[in-house]
Amino acid sequence: MASDERRVQMAVPAKAKGKQAKASMVSDERRGQMAVPAKAKGKQAKASMASDERGVKMKVPAKAEGEQSSDLRWLKKKAAAVDPDGASPSNRDALEASAAVEDAAAVLHTVSGGFLEPSHPLERTSRLSQAALLAHPSVDAATRSRAAFSLSLTASQQTYVAAAYSRSGRSLLLAGNAGHVAAVDWRAATPRAEVFLGDKVRDATFLHNDSLFAVAQRKAAYVYDAASGDQVHVLRWHASPAWLAFLPHHLLLASAPAGALATTPAATNSICYTDISTGEVVGRPRVGTPSLALGAARCAAVNLSTGTLHTGHSSGVVSIWSPSSDVPLARMLSHKAGVTAVAVSPDGHWAATAGADAVTAVWDLRTWQQVRAFCNWAPVTSLDISATGVLALSYSSTVELYKDIYAGAGAGLSPTAAAARSAAFGRGRRRVSPRVHPYMVEHLPGTPVARARFCPYEDLLGVITTTSFRTLVVPGAGEAALDSRAPNPYESRRSRREQEVQAALEKLPPASIGLSTDWVGGLEANPGARAAEGAASAAAAAAAKAAARRPVNKAKGRNKIGKQLGRKRVAAEVTARAKRQERNLQRAGAAKSKGT
């Protein structure tokens, strides 16, 4: 038995008979034990397996029994070169941790996205079911545990209409149409708040963080505490909201009334913007103006890049709104039937729309051109786009996912097949793009899908049906690069408070919402020129107002009470005299006509 200063012990039990050794055992306290069979004849040995400090197996020539001291000296020099501090556990742990990180990077390919790739052109990734995907050995235990999160909601005996993740992806919000609303920490599988409102619920969404959420109820919008479920605010000016949308960079909550038409009063027929930091209404652009002929705003999506609100109307038009404008900034005729769902990519470059004509269209918001339009088997009820550009859509009891859908027509159905499929739905020869094959498809038989939403920073898709909630694994859908200024799923209470203060200080004004964001975050070359221009325009407006004002001759004592009563008395006498003259003329005319 021999040991060096690194406490590395090597036990070499051997029973020799003549010049042959049957076996030897080499043990290292750092890496466990490894059996090294060896058969020697004289001073020659064939080979033995040894492992280095990272656990990678390598061929090492074995020496004879008399030369074991040289092996020990070689191991001692190598250990001193790797770990100069001798037997320091911290250095050894750091070395093993760095080796584990390198191994994980080599296996998991953290530099590139982890999409499913077919092995040959005839293979389709859409044929891979969730059960087969989770059973694959490349899926780790953490992903399996997160994908196993599901809820059965049949006990509440109501239909669920909304599901939303918080911006950090840590909390999940579920809402039923009969008033059951629950906030869940899905990572820990623990409920946070659960309320039974006993009122009709149309939509629900988280606000700036996980602590507050808003619910669109029958008559108004309500804000609740996500920790206790207590009611915090009542936003009665959000009358009968059909949907809710939150603008995180402006801290604005927007909604539109359900079934708002041109005949609805103007006070309740508008998109209402409320600043949740001050409680003020910053804009109410009217939706049902007869000149616009938009129809009811059925759905909405927020463009995080520009802060604009994309609303889909029953007339097939998608309009883009800003609280500082009374008319839409832009309008797109997207479908020949009503729009059922709208989604905007996080970078603000792409948008997807779905209509009641069972057509899904993809738009380039930089050129306002339609990139692709393809048919579905039924009208789409939900759309969402992940951070990496994966499009999720749901219709009936099916969820389909597409990637690389922004590259134009691409490969898919031939024009003849697309026209035949379009004619099968009664749309005649409508022009549609060849449809690409879906990236993934999941069928949920017997359970119509109400909404599908991607979880931030995760390769997961949350699907809420009428009676359950399921989590689907979508490889490559999540963007794992966390921004230090973005919501953190592992934030503490102190960091959350700091984020709230920082968000309030960096809140953008409503006037910054527009189609262009060039001036947001840019540098102004001449700040004094803009101030001088504003002062000149204000002076010109004041001069024009003064010129249009009619001069008034003021007399001393003109506004005394006696003078005012005298003027009223004179005006009353003039009016009475005119009425008497009119009656006399009528009587004279009647007498003259009677005499004749």
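The notes below deal with the structure included here.

How each quantity is defined
- Residues numbered from 1 in each chain as written.
- Predicted model: local features only at pLDDT ≥ 70, side-chain atom pairs only at ≥ 80, totals over all residues.
- Heavy atoms only, no water.
- Helix = DSSP H or I, 4+ residues; strand = E, 2+ residues; numbered from the N terminus.
- Buried < 20%, exposed > 50% of the residue type's maximum accessible area, 1.4 Å probe, protein only.
- Contact = heavy atoms within 4.5 Å.
- Areas by Shrake-Rupley, 256 points an atom, 1.4 Å probe, with all protein chains shown as cover.
- Pairing = 2+ DSSP bridges.
- Axes fitted to C-alpha atoms, helices over the stretch in contact; angles between N-to-C directions.
- Core = buried A, V, L, I, M, F, W, Y, C linked by side-chain atoms within 4.5 Å.
- Phe/Tyr/Trp six-rings, centres within 6.5 Å; stacked < 30°, edge-to-face > 60°.
- Lys NZ or Arg CZ within 6 Å of the ring centre and 35° of its normal.
- Salt bridge = Lys/Arg side-chain N within 4 Å of Asp/Glu carboxyl O.

Re the overall build of the protein chain
Looking only at helices and strands, one finds eight helices and 38 strands in the protein chain. Residues classed as buried in the protein chain amount to 39% of the 596 residues present. Considering only residue pairs separated by 6 or more positions, the protein chain has 45% of its internal contacts joining residues 24 or more positions apart. Carbon and sulfur atoms provide 55% of the accessible area of the protein chain, an area that totals close to 33,500 Å².

Topic: unusual backbone geometry
The phi dihedral of S240 falls on the positive side, at around 45°, and the residue is not glycine. Residue placement: S240 occurs in the loop between β19 (231-235) and β20 (241-247).

Focus: the sheet that holds strand β16 (residues 201-206)
Spatially, four strands are ordered β16-β17-β18-β19 in an open sheet, and the strand pairing comes out antiparallel. The open sheet is flanked by β16 and β19, the only strands paired with a single partner. The average angle at which neighbouring strand axes cross in this sheet is 20°, direction not considered. Relative to β19, strand β18 (residues 221-225) is paired through four bridges, and the arrangement is antiparallel. Counted as the bridge partner of Y224 is Q231 from β19.

Some words on the nonpolar core
Ranked by size, the top nonpolar core spans 33 residues in total, and within it L401, F454, L461, V463 and V474 carry the most contacts. Of all the secondary-structure elements, those providing two or more residues to this core are β12 (160-165), β13 (171-176), β34 (398-402), β36 (449-454), β37 (460-465) and β38 (468-473). Among the elements that make up this core, the one with the highest residue count is β37 (four residues). Judged by nonpolar contacts, the second largest core, of 18 residues, contains A245, Y273, V287 and I513.

Regarding the packing of aromatic side chains
The final tally for this structure, using the stated rule, is eight aromatic pairs. Centroid distance F115 to Y439: 5.9 Å. Interplanar angle 75°. Geometry classified as edge-to-face. One end of the pair, F115, is in the loop between α2 (89-108) and α3 (130-134); the other, Y439, is in the loop between α5 (415-424) and β35 (440-443), with 324 residues separating them in the sequence. Ring geometry for Y222 against Y224: centres 6.4 Å apart, planes inclined by 25°, an arrangement best described as stacked. With a relative accessible area of 4%, Y224 lands in the buried category. Here the aromatic cluster, defined as three or more aromatic residues joined through ring pairs, consists of F149, Y165, W186 and F469. Its guanidinium or amino end placed over the ring of W350, R366 lies 5.0 Å from that ring's centre, counting from NZ or CZ. The ring of F115 carries the charged tip of K403 above its face, separated from the ring centre by 5.3 Å.

Comments concerning the sheet that holds β13
Strand order in the open sheet formed by four strands is β12-β13-β14-β15, and the pairing between neighbours is antiparallel. Two strands bound the open sheet, and with one partner strand each, they are β12 and β15 (190-196). Looking at each pair of strands side by side, their axes are set apart by 15° on average, direction ignored. Pairing of strand β14 (residues 180-185) with β15, which is carried by six bridges, proceeds in the antiparallel orientation. Each residue of the ladder has a partner; that of A182, found in β15, is E194.

As for the pairing of strand β17 (residues 212-217)
Where burial is concerned, most of β17 is hidden: six out of the six residues are buried. A two-sided burial pattern is seen for β17, the buried positions comprising L212, A214 and A216 on one face and F213, V215 and Q217 on the other. Pairing analysis gives five bridges linking β16 to β17, with the strands arranged antiparallel. The partner of D203 across the bridge, within β17, is A216. The hairpin turn running from β16 into β17, its antiparallel successor, is five residues long. Linking β17 back to β18 in an antiparallel pair, the connection comprises three residues.

Things to note about the pairing of β34
Among the five residues in β34, five count as buried, and that is most of the element. Burial of the side chains of β34 extends over both faces: T398, E400 and Y402 are buried on one face and V399 and L401 on the other. Bridge count between strand β33 (residues 391-395) and β34: five bridges; the pairing is antiparallel. Residue L393 lies in a different strand from β34, and its bridge partner there is E400. The pairing of β34 with β35 spans four bridges and is classified as antiparallel. Paired with T398 across the two strands is H443, which belongs to β35.

Topic: the pattern of salt bridges
Using the criterion set out here, one finds 10 salt bridges in the structure. Among the ionic pairs, D199 bridges to R218, the shortest N-O distance being 3.5 Å. On the criterion of sequence distance, the pair formed by D199 in the loop between β15 and β16 and R218 in the loop between β17 and β18 is long-range, its members being 19 residues apart. Residue classification places R218 among the partly exposed residues on the basis of a relative accessible area of 41%. Of the charged contacts in the structure, one is a salt bridge between K507 and D275, with a shortest N-O distance of 2.8 Å. Of this pair, K507 sits in the loop between α6 (493-505) and α7 (527-548) while D275 is found in strand β22 (residues 272-275), placing the two residues 232 residues apart along the sequence.

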